[in-house]
Amino acid sequence: MSKELVERKCILEGVVKTTDDLLRFVVLDNTLLPDFNKKLPGKGIYITNNQLSLKTAIEKKLFNKAARHCLNVDVSLVDVVDNLLKKQALNSINIARKAGSLVSGFEKVKEAIKKNNVEFIIQASDAGHDGKEKIAFLAKSIEIFNLFSIDELDITLNKENTVHVAILRSDMSSMVYNNLKKYQNFLSKTEI
């Protein structure tokens, strides 16, 4: 069963995009709240998923305009969104670990690549240059994410010195991929 594409308009750009490319917010008790899981009641207010768009919308008071009244928009909203998306991405990696849908460690990742069983790779952002080059050479056209530090991956996977992680082809891979991509897009300096 294919996922139905839902489109909404970005309040900053005025352009219609799929909800996968947007961040959803709702107004509750006159406060703007992130609602990325679409669980809160109320009409959604959408902004393109990146820091620059969110900062600009806050500065220009576009959320107030979209809600048609003065809202309490916390100055730390960009940091809150960053933390929420990061946590969601790391939690999805942990769920994949619990489901047995990932391997970690250079040798295990290398073997999974050789068996053509890797959907994508997560590599610590502070990994050594030599290790990054070796994985890039082995991975060829496999996408590599460099979003988290060794410490963040260690905590998420309850391991030590986690540098290379391969997400295996499974039912879990698309969920993890979507969460990583959403966080990566938020961190990007350009619009998606």
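Throughout what follows, the structure given in this document is the object of discussion. (Residues numbered from 1 in each chain as written. Predicted model: local features only at pLDDT ≥ 70, side-chain atom pairs only at ≥ 80, totals over all residues. Heavy atoms only, no water.)

### Considerations on the packing of helix H4 (residues 106-114) against helix H5 (residues 129-139)
Reasoning step 1: Where H4 contacts H5, the two axes come as close as 10 Å, and the packing angle between them is 15 degrees. Of the possible angle classes, the one that applies to H4 and H5 is roughly parallel. Handedness of the H4/H5 crossing: left-handed. Between H4, through Phe106, Val109, Lys110 and Ile113, and H5, the contact on the second element is made entirely by Lys134, Ile135, Leu138 and Ala139.
Reasoning step 2: Tallied by class, the residues present in the contact of H4 with H5 amount to 6 nonpolar, no polar and 2 charged. (Axes fitted to C-alpha atoms, helices over the stretch in contact; angles between N-to-C directions. Helix = DSSP H or I, 4+ residues; strand = E, 2+ residues; numbered from the N terminus. Parallel < 35°, antiparallel > 145°, perpendicular 65-115°, else oblique. Left-handed = near helix turned anticlockwise from the far one by under 90°. Contact = heavy atoms within 4.5 Å. Nonpolar A, V, L, I, M, F, W, Y, C, P; charged D, E, K, R; others polar.)

### Considering the packing of aromatic side chains
Reasoning step 1: Enumeration over the complete set of coordinates arrives at 6 aromatic pairs.
Reasoning step 2: Ring plane angle 80 degrees and centroid distance 5.5 Å describe the contact between Phe120 and Phe145, whose orientation is recorded as edge-to-face. Taken as a pair, Phe120 in strand E7 (residues 118-123) and Phe145 in strand E8 (residues 144-145) lie far apart in primary sequence, 25 residues in all.
Reasoning step 3: Using a relative accessible area of 0% as the deciding quantity, one classes Phe145 as buried.
Reasoning step 4: Here Phe145 and Tyr177 contribute two aromatic rings whose centre-to-centre distance is 5.6 Å and whose plane-to-plane angle is 75 degrees, an arrangement assigned as edge-to-face. Here the residue Phe145 occupies a position in strand E8, and Tyr177 occupies one in helix H7 (residues 173-187), the gap between them amounting to 32 residues. (Phe/Tyr/Trp six-rings, centres within 6.5 Å; stacked < 30°, edge-to-face > 60°. Buried < 20%, exposed > 50% of the residue type's maximum accessible area, 1.4 Å probe, protein only.)

### Details of the sheet that holds strand E9 (residues 164-168)
Reasoning step 1: As summarised here, the arrangement of the 4 strands in space is E6-E9-E7-E8, forming an open sheet in which the pairing is mixed. Because the sheet does not close on itself, it has two edges, and the strands there are strand E6 (102-104) and E8.
Reasoning step 2: Bridge count between E7 and E9: 5 bridges; the pairing is antiparallel. The partner of Ile121 across the bridge, within E9, is Ala166.
Reasoning step 3: Most of the contacts of H7 go to E7, to which it runs at about 40 degrees, and overall it touches E7, E8 and E9. (Pairing = 2+ DSSP bridges.)

### With respect to the pattern of salt bridges
Reasoning step 1: Scanning the entire structure with this criterion turns up 6 salt bridges.
Reasoning step 2: Two residues, Asp35 and Arg24, come together in a salt bridge whose shortest N-O distance is 2.1 Å. A residue pair is termed long-range when its members are at least 10 positions apart, and Asp35 in the loop between strand E4 (31-34) and strand E5 (45-48) and Arg24 in strand E3 (residues 22-28) qualify at 11 residues. Grouping residues by exposure puts Asp35 and Arg24 together as buried.
Reasoning step 3: Across the pair Glu152 and Lys86 runs a salt bridge whose closest N-O atoms are separated by 2.6 Å. One end of the pair, Glu152, is in helix H6 (residues 150-157); the other, Lys86, is in helix H3 (residues 77-98), with 66 residues separating them in the sequence. (Salt bridge = Lys/Arg side-chain N within 4 Å of Asp/Glu carboxyl O.)

### A few points about the sheet that holds E3
Reasoning step 1: With antiparallel pairing, the 3 strands of this open sheet are ordered in space as E4-E3-E5. Only two strands of the sheet have a single neighbouring strand rather than two, namely E4 and E5. Averaged over neighbouring strand pairs, the angle between their axes works out to 35 degrees when direction is ignored.
Reasoning step 2: Across 4 bridges, E3 lies against E4 in antiparallel orientation. For Leu28, the partnering residue across the bridge sits in E4 and is Thr31.
Reasoning step 3: On the sheet, H3 packs against E3 and E4 and is oriented at approximately 25 degrees with respect to E4.

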